[in-house]
Amino acid sequence: MDLSFLIAENRDALRFGVSGDGFGAIESGAVFGTVEPNVVPLLDSALERFFVADGGEDRLVILVPTAPAPEETRRKDPPTRSFLASREIFHKARLAEHPPQEWCFRALQWAIAGPGLNAEVEVVHKPTMSSRLVAPAVSCDTILSHRGPERYLRACVQSLWRQSYPTRVSIGLDQKYDCRRLLAETLDNPAINVFQFGPSPLGPFVALHVLSHLSRADYIVRHDSDDISLRRRIETLTATAETTGAGMVGSHELQLQEIAREVLPVRYPLDVSGELARVGGRHQALLPTMILRRELVDKVGGFSTDRIYGHDVAFWLVASLNARIVNVDDFLYLRRRRASSLTMRADIGNSSPIRSIHRNQRRRQFNEIAAGRLRLQDSVLAIRHRVSPVTIRDLRSGRAWEVALDRRHTYGDAER
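For the structure given in this document, a descriptive report is provided here. Values in this document were obtained by computation on a predicted structure and should not be read as measured data.

**Here's the deal with the layout of surface pockets**
In this structure, the second largest pocket encloses a volume near 780 Å³. Only helix 1 (43-52), strand 7 (120-124), helix 7 (233-244) and strand 16 (325-337) provide two or more residues apiece to the lining of the second largest pocket. Taken together, the residues of the lining of the second largest pocket break down into 11 nonpolar, nine polar and 13 charged.

**A few points about the pattern of salt bridges**
On inspection of all chains with the given rule, the structure shows 29 salt bridges. Ionic pairing is found between arginine 94 and glutamate 97, a salt bridge with its closest N-O pair at 2.8 Å. Where salt bridges share partners, they join Glu71, Glu72, Glu275, Arg278 and Arg282 into one cluster.

**Thoughts on the pairing of strand 4 (residues 59-63)**
Burial of strand 4 is extensive: five of the five residues sit out of reach of the surface. By the alternation rule, side chains of strand 4 split into Arg59, Val61 and Leu63 and Leu60 and Ile62, which are all buried. Pairing between strand 4 and strand 7: five bridges, direction parallel. The partner of leucine 60 across the bridge, within strand 7, is valine 121. As judged from the four bridges shared by strand 4 and strand 6 (residues 82-86), these two strands associate in the antiparallel manner.

**Points about unusual backbone geometry**
Cis peptide bonds are those with omega within 30 degrees of zero, and the linkage from glycine 114 to proline 115 qualifies with 10 degrees. With respect to the element layout, proline 115 can be found in the loop between helix 3 (103-111) and strand 7. At the junction of serine 200 and proline 201, the peptide bond is cis and its omega measures out at 0 degrees in the coordinates. The residue proline 201 is located in the loop between strand 10 (192-198) and helix 6 (204-214) in this model. For cysteine 179, which is not a glycine, the phi torsion comes out positive at approximately 55 degrees. As for its placement among the helices and strands, cysteine 179 is situated in the loop between strand 9 (168-173) and helix 5 (180-185). Within the chain, arginine 261 stands out as a residue other than glycine whose phi angle is a positive 55 degrees.

**Re helix 11 (residues 353-370)**
For helix 11, spanning 18 residues, the distance from its first C-alpha to its last is 26 Å, which sits close to the expected 26 Å at 1.5 Å a residue. What helix 11 keeps buried is the set Arg355, Arg359, Arg362, Gln365, Phe366 and Ile369. In an axial view of helix 11, the angular spread of the buried residues amounts to 150 degrees, which keeps them on one side of the axis. Turned more than 90 degrees away from the buried face of helix 11 sit Pro353 and Ile357, all of them exposed.

**Some points on the environment of histidine 209**
Positionally, histidine 209 belongs in helix 6. Histidine 209 sits 134 residues away from arginine 75 along the chain, and the two C-alpha atoms are 29 Å apart.

**Some thoughts on empty space enclosed by the protein**
Using the criterion set out here, one finds two cavities of 30 Å³ or more in the structure. Approximately 90 Å³ is the volume found for the largest cavity. Every residue lining the largest cavity is listed: Leu117, Ala119, Glu120, Val121, Ser159, Arg162, Ile228, Ser229, Leu230 and Arg231. Those elements that provide at least two residues to the lining of the largest cavity are strand 7 and strand 12 (228-229). Among the residues forming the lining of the largest cavity, the class breakdown is five nonpolar, two polar and three charged. If you trace the second largest cavity, you find it lined by Ser145, Gly172, Leu173, Asp174, Phe197, Leu202, Gly203, Val206 and Ala207.

Thresholds applied
Every chain's residues receive numbers from 1 upward, in the order its sequence appears when written. With pLDDT at 70 or above as the cut-off, local features in this predicted model cover only qualifying residues; side-chain atom pairs require 80 or more to be listed or tallied, and sums for whole chains, interfaces and linings still use all residues. Side-chain numbers come from the whole structure's heavy atoms, not from hydrogens or water. Throughout, the protein atoms alone are placed on a 1 Å grid, and a set of points is a cavity if a 1.4 Å probe fits but cannot get out or a pocket if it is open with protein on both sides within 12 Å along at least five of seven lines; lining residues have an atom within 4 Å of a point. Grid points are joined across faces, edges and corners, and a volume is the space filled by probe spheres set on the points. Numbering of helices and strands runs from the N terminus, with a helix taken as a DSSP run of H or I at least four residues long and a strand as a DSSP run of E at least two residues long. For this classification, the nonpolar set comprises Ala, Val, Leu, Ile, Met, Phe, Trp, Tyr, Cys and Pro, the charged set comprises Asp, Glu, Lys and Arg, and every other residue, Gly included, is treated as polar. Salt bridge, as used here: a side-chain nitrogen of Lys or Arg that lies within 4 Å of a carboxyl oxygen of Asp or Glu. Only protein chains enter the calculation, and the probe is 1.4 Å; a residue is then buried if its accessible area is under 20% of its type maximum, exposed if over 50%, and partly exposed in between. Only strands that DSSP links by at least two bridges are regarded as paired with each other. By this rule, a helix spans an expected 1.5 Å times one less than how many residues it contains. Directions pointing from the helix axis toward each C-beta atom define the arc.

Structure, rendered in structure tokens:
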């Protein structure tokens, strides 16, 4: 086995072993973990990150081997099995019931299982800690569309209200169940609003389109409702946007692969706009990891709503024609990859024939638009909406109204 077992009472008191025996007797306040040879240079930084934090909550630090960001398109790196964790996680995540090769996955799965976050999660992938950026004085709205288990949504929202930089959260429910536990938990939090869209199912883009247009914040934070933001995500992305002038800023992602039982690092090119100009549209960005300037959302026209998949890619490709797009060289987003998710479905998931057809057509026509051979409005990237209107109900006030998606001025008009 190429895993080493580690216990540390503090930054300067490390001991390694060849088995996990005795982990049940780890001293209070100590850290334990498994370490692969390729992350040993990161241990000092990871231990510093672990021990400088305030006590009082369980902590999990995932170690990802240092590597340069890719250039042309995203890169899935080998799974990592390296982590450091609070002593209590060994028992709470019941790691003794699983082989050590799965401990990193099991610990992360437990940490973000919901209904609340069970541990503070960080990712270390550089030998020295990144300098903290100065957060600008701007406003942010995080827009979520949700369909599925409430526990994932509750953990997601908790990761947002625990951010180091404040954000308002607007949730569009695409289901009949109204997530009453979340409503009760956030009753006294005016920064969290919940709306129910119908008739369900509508797909994620109806809520994203409408709620993005209703926002008056400086930045729109994109997020999938079963994923988790690390604590400094919004602070880092807004600071980068203000410093660089970029219209969209994203990051690398860490995937919790529930089927393969792996923790998979996925890196993205840093200069998205440059790579788009050089090699054309590929997987240079992942919209859920990104923040968007609100004026850019208005300029693009929002999201198409005529089908339930693929329009997030169309959005950032069109946005790239109007603004600079960059990614930061940090892992700030935890993405849950589960069998029942929209992207994993056999009929319309990422590997389905219909997605492949749309993907190839979108990529070809984007390149033609960028070369001046095709007008945007004549392409598959043009905004297209469902014909029938949708209903929206504010679950706080009970106010309800109807929206015609191709008539933006009606989005906020109530029809009782």
